[in-house]
Amino acid sequence: MIKLENICKTYGKLDALKDINLTVGEGEKVVIIGPSGSGKSTLIRCINRIEEPTSGSVYIDGELITRKNALQAVRKNCAMVFQSFNLYPHLSVLANITLAPMKLQKKSRREAEELAYHYLDRIGLRDKARAKPTQLSGGQQQRIAIARALATQQKIILFDEPTSALDPEMVQEVLDVMVSLSKESITMLVVTHEMGFAREVADRVVFMDDGVIVEEGEPNAFFENPENERARLFLSKIIR
């Protein structure tokens, strides 16, 4: 579903990504972990063309999307959940969720609202449909952001540290939604510092450091006995 070939990204003299190669299968749940500044968020932002790779190729569902005039192909297959929610504060929850289905997918208002209420039921926030994002807690806003991504009915959802901006007591309500979502056929690529979530949900864990993929593997094997010394040091600091 996702294929990266020799992806590099530079900012001036900084090499944020160095020759990344990665394949994610249809329906696979891949969790990307690593220290801050390792290139995790840059990687998934390159997949979604929020960032343009300096070189290399990205394929989504077999289609080359690192080419001119390919943004439509990206938006057709790929939704994203950001760490800072990125909800429109002047719109209601319902309007936030229906905007993309109506504008990009040309669904009628009725169709879009039916989808919105379906996913609001899914995340337990139907009663917040008429509220503005500023009236909600951080955890509720992030759950709304996930519902917004689901309402586009894309094959792929990218998550960029979806709990990092939340107070600790709000983290679990978002993770619970994501755990539930992981039981479906959607392809998920998740950047996170939540190691418990990675253990529970991931089909594969990818560890990044200094702009490269250092190690990847099945979660139990990775967390119990990582092969790379840098990965072992990282885990020793965050898992007590």
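Residues numbered from 1 in each chain as written. Predicted model: local features only at pLDDT ≥ 70, side-chain atom pairs only at ≥ 80, totals over all residues. Heavy atoms only, no water.

1. Things to note about the nonpolar core
- The biggest cluster of nonpolar side chains holds 52 residues, and the ones touching the most others in it are I33, L120, I144, I157 and F159.
- The biggest single contributor to this core is helix α6 (residues 168–181), with eight residues.
- In contact with I157, not counting residues within four places along its chain, are A79, V81, A149, L150, L181, I186, T187, M188 and L189.
- Of all hydrophobic cores here, the second largest spans 29 residues; its members include I20, V58, A73 and V206. (Core = buried A, V, L, I, M, F, W, Y, C linked by side-chain atoms within 4.5 Å. Buried < 20%, exposed > 50% of the residue type's maximum accessible area, 1.4 Å probe, protein only. Helix = DSSP H or I, 4+ residues; strand = E, 2+ residues; numbered from the N terminus. Contact = heavy atoms within 4.5 Å.)

2. Overview of the sheet that holds strand β5 (residues 63–64)
- As summarised here, the arrangement of the four strands in space is β2-β1-β4-β5, forming an open sheet in which the pairing is antiparallel. Sheet topology places β2 (14–24) and β5 at the edges, where each strand pairs with a single neighbour.
- Strand direction decides the pairing type here: strand β1 (residues 2–11) and strand β4 (residues 55–60), joined by five bridges, are antiparallel. Bridging from a neighbouring strand, I2 pairs with I60 of β4. (Pairing = 2+ DSSP bridges.)

3. Structural notes on the packing of aromatic side chains
- Per the counting criterion, the structure on display carries three aromatic pairs.
- Taking 6.4 Å as the distance between ring centres and 35° as the angle between the ring planes, the aromatic pair formed by F207 and F222 counts as tilted. Linking F207 in strand β9 (residues 204–209) with F222 in helix α8 (residues 219–224), this pair joins segments that are 15 residues apart in sequence. The two residues F207 and F222 agree in class, both being buried.
- When the ring of F207 is compared with that of F234, the centres are 5.2 Å apart and the planes differ by 50°; the resulting orientation is tilted. Of this pair, F207 sits in strand β9 while F234 sits in helix α9 (residues 229–238), and the two are 27 residues apart along the sequence. Across this residue pair, the class does not change: F207 and F234 are buried.
- Grouped by ring-pair contacts, the aromatic residues F207, F222, F223 and F234 constitute a single cluster. (Phe/Tyr/Trp six-rings, centres within 6.5 Å; stacked < 30°, edge-to-face > 60°.)

4. Section: the pairing of β4
- Judged from the two bridges that link them, β4 and β5 form a sheet pairing that is antiparallel. Within β5, the residue paired with I60 across the bridge is E63.

5. Quick word on the pairing of strand β6 (residues 78–81)
- Neither face of β6 is left uncovered, since the one carrying C78 and M80 and the one carrying A79 and V81 both have all their residues buried.
- As judged from the four bridges shared by β6 and strand β7 (residues 156–160), these two strands associate in the parallel manner. When the bridges of β7 are listed, C78 appears paired with I156.

6. Overview of the pattern of salt bridges
- For the structure shown, the criterion picks out 16 salt bridges.
- Here E52 makes a salt bridge to R49, at a shortest N to O gap of 2.7 Å.
- Ionic pairing is found between D209 and R230, a salt bridge with its closest N-O pair at 3.0 Å. Here D209 is found in strand β9, whereas its partner R230 is found in helix α9, with 21 residues between them in sequence.
- Shared partners join several salt bridges into a network, and the residues in it are K9, R45 and E51. (Salt bridge = Lys/Arg side-chain N within 4 Å of Asp/Glu carboxyl O.)

7. Some words on unusual backbone geometry
- The backbone of D61 shows a phi angle near 50°, a positive value even though the residue is not glycine.
- A relative accessible area of 38% means that D61 is categorised as partly exposed.

8. Some words on the sheet that holds strand β8 (residues 187–191)
- Strands sit in the order β6-β7-β8-β3-β9-β10 across an open sheet of six strands; the sheet is mixed. Both edges of this open sheet fall to β6 and β10 (212–217), since each of them pairs with a single strand only. For this sheet, the mean inter-axis angle between neighbouring strands, taken without regard to orientation, is 20°.
- For strand β3 (residues 29–33) and β9, the ladder comprises four bridges, and the chain directions are parallel. The residue of β9 that forms the bridge with I33 is F207.
- In the packing of helix α1 (residues 40–47) onto the sheet, contacts are made with β3, β6, β7, β8 and β9, and the angle to β7 comes to roughly 150°.
- Along the sheet face, helix α5 (residues 138–151) touches β6 and β7 and points at about 180° away from the line of β6. (Axes fitted to C-alpha atoms, helices over the stretch in contact; angles between N-to-C directions.)

9. Description of the packing of helix α3 (residues 93–103) against helix α4 (residues 109–123)
- Interaxial distance between α3 and α4 falls to 9 Å at its minimum, and their mutual angle equals 125°. Taken together, the axes of α3 and α4 lie oblique to each other. With respect to the hand of their crossing, α3 and α4 are arranged in right-handed fashion. Of the residues in α4, those in contact with V93, L94, I97, T98, P101 and M102 of α3 are R109, A112, E113, A116, Y117 and L120.
- Across the contact of α3 with α4, the residue classes break down as nine nonpolar, one polar and two charged. (Parallel < 35°, antiparallel > 145°, perpendicular 65-115°, else oblique. Left-handed = near helix turned anticlockwise from the far one by under 90°. Nonpolar A, V, L, I, M, F, W, Y, C, P; charged D, E, K, R; others polar.)

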